[in-house]
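Here is what each chain is made of, one letter per residue.
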Amino acid sequence: GQQVMQIPQYQHVQEGEDFTTYCNSSTTLSNIQWYKQRPGGHPVFLIQLVKSGEVKKQKRLTFQFGEAKKNSSLHITATQTTDVGTYFCAVPVNYGGSQGNLIFGKGTKLSVKP
Amino acid sequence: EADIYQTPRYLVIGTGKKITLECSQTMGHDKMYWYQQDPGMELHLIHYSYGVNSTEKGDLSSESTVSRIRTEHFPLTLESARPSHTSQYLCASSPGAAFYGYTFGSGTRLTVV
């Protein structure tokens, strides 16, 4: 069945270091979304990527969609304590009656040491 | 700022009690979802709805039930709560196809004692 793998599961960084999380799909994707969940909070939609090789930036966050549209990455430059949380990728289900729903990766939990 | 509301925010309840978790959205979204999530862990889809009178079970088997009588309202009911139901329950909505991001509510943290 359709799978989405997200790595690493945990990442501990010193404030100011960079951070990257990766999302890999077993199938070609029409789009991919990224969400952030702060500790004790709920997931918040960050961005959607649609085009092959697309790169989008939000301040210190850089999102990239692979050329083959089967993988994506989220890179944070010079992490800050406000970046702490779990980052989830989400991809559309491409089969069956639940087509159009999202499958969420297991998330990467980022901790930042001041 | 939230356009999707969940109540209660926290609930501690005894085993065997019937509970209903409320979820309402003011965005007119057709699609609504319920996820179960242990703190900091992955999201498990337990129910979803594509519109009024449409409800489906998600990937994670759940003893809960849902209803969708009005577009804006998607309550989740547990007929007999058990300690294994202790978790966070997140409601979400989206306008339509998977090209739209989900908007999540703040969640209900349920503890069954």
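Residues numbered from 1 in each chain as written. Chains lettered and ligands numbered in written order. Predicted model: local features only at pLDDT ≥ 70, side-chain atom pairs only at ≥ 80, totals over all residues. Heavy atoms only, no water.

### What about the state of the cysteines?
Evaluated as defined, the whole model comprises two disulfides over all chains. Covalently, Cys 23 of chain A is tied to Cys 89 of chain A through a disulfide, its sulfur atoms 2.0 Å apart. Given an S-S torsion of about 65°, the disulfide between Cys 23 of chain A and Cys 89 of chain A has right-handed geometry. Note that Cys 23 of chain A is positioned in strand E3 (residues 19-25) and Cys 89 of chain A in strand E9 (residues 85-92), a separation of 66 residues in sequence. Note on accessibility: Cys 23 of chain A and Cys 89 of chain A belong to one class, buried. A sulfur-sulfur separation of 1.9 Å characterises the disulfide bridge that pairs Cys 23 of chain B with Cys 91 of chain B. Disulfide Cys 23 of chain B-Cys 91 of chain B: the torsion about the S-S bond is -75°, which places it as left-handed. Here the residue Cys 23 of chain B occupies a position in strand E3 (residues 19-25), and Cys 91 of chain B occupies one in strand E9 (residues 87-94), the gap between them amounting to 68 residues. Cys 91 of chain B carries the same exposure label as Cys 23 of chain B, and that label is buried. (Disulfide = S-S within 2.5 Å. Helix = DSSP H or I, 4+ residues; strand = E, 2+ residues; numbered from the N terminus. Buried < 20%, exposed > 50% of the residue type's maximum accessible area, 1.4 Å probe, protein only.)

### Focus: unusual backbone geometry
Note that the residue after Ile 7 of chain A, namely Pro 8 of chain A, is joined by a cis bond; omega there is -5°. Going from Thr 7 of chain B to Pro 8 of chain B, the amide bond is cis rather than trans, its omega being -5°. By the secondary structure assignment, Pro 8 of chain B is in the loop between strand E1 (4-7) and strand E2 (10-13). With a phi angle near 55°, Lys 59 of chain A is a residue other than glycine that sits in the positive phi range. Within the fold, Lys 59 of chain A resides in the loop between strand E6 (55-58) and strand E7 (61-65). Residue classification places Lys 59 of chain A among the exposed positions, given a relative accessible area of 86%. Although it is not a glycine, Ala 78 of chain A adopts a positive phi angle of roughly 50°. Relative to the elements of secondary structure, Ala 78 of chain A occurs in the loop between strand E8 (71-76) and E9. Residue Ala 78 of chain A is classed as partly exposed on the basis of its relative accessible area, which comes to 31%.

### Regarding the pattern of salt bridges
Two side chains with opposite charge may pair up if their charged atoms get near one another. Tallied over the full model, the rule gives six salt bridges over all chains. Where Lys 106 of chain A meets Glu 42 of chain B, a salt bridge forms, and the shortest distance between an N and an O atom there is 4.0 Å. With one member in each of two chains, Lys 106 of chain A in the loop between strand E10 (102-104) and strand E11 (108-113) and Glu 42 of chain B in the loop between strand E4 (31-37) and strand E5 (44-51) form a pair that bridges those chains. Classification of Lys 106 of chain A by relative accessible area gives exposed; the value is 55%. Given a relative accessible area of 24%, Glu 42 of chain B falls into the partly exposed group. Among the ionic pairs, Lys 18 of chain B bridges to Glu 79 of chain B, the shortest N-O distance being 3.9 Å. With Lys 18 of chain B in the loop between E2 and E3 and Glu 79 of chain B in the loop between strand E8 (76-78) and E9, the pair connects residues that are 61 residues apart, well separated along the chain. Given the relative accessible area of 54%, Lys 18 of chain B is considered exposed. (Salt bridge = Lys/Arg side-chain N within 4 Å of Asp/Glu carboxyl O.)

### Points about the interface of chain B and chain A
Counting from both sides, the interface comprises 24 residues of chain B and, opposite them, 24 residues of chain A. Across the chain B/chain A interface, buried area totals approximately 1,800 Å², and carbon plus sulfur atoms make up 51% of it. Our count for the chain B to chain A interface comes out at one salt bridge. Taken together, the connections running from chain B to chain A amount to five residue pairs in polar contact (both at pLDDT 80 or more). Listing elements by their share of the side of chain B that touches chain A, those giving two or more residues are E4, E5 and E9 of chain B. Considering every element that reaches the side of chain B that touches chain A, the biggest residue donor is E4 of chain B, with four residues. A class-by-class count of the residues in the side of chain B that touches chain A yields 14 nonpolar, six polar and four charged. (Contact = heavy atoms within 4.5 Å. Buried area = accessible area lost by both parts, 1.4 Å probe. Polar contact = N/O pair within 3.5 Å; in protein donor to acceptor, adjacent residues only side chain to side chain. Nonpolar A, V, L, I, M, F, W, Y, C, P; charged D, E, K, R; others polar.)

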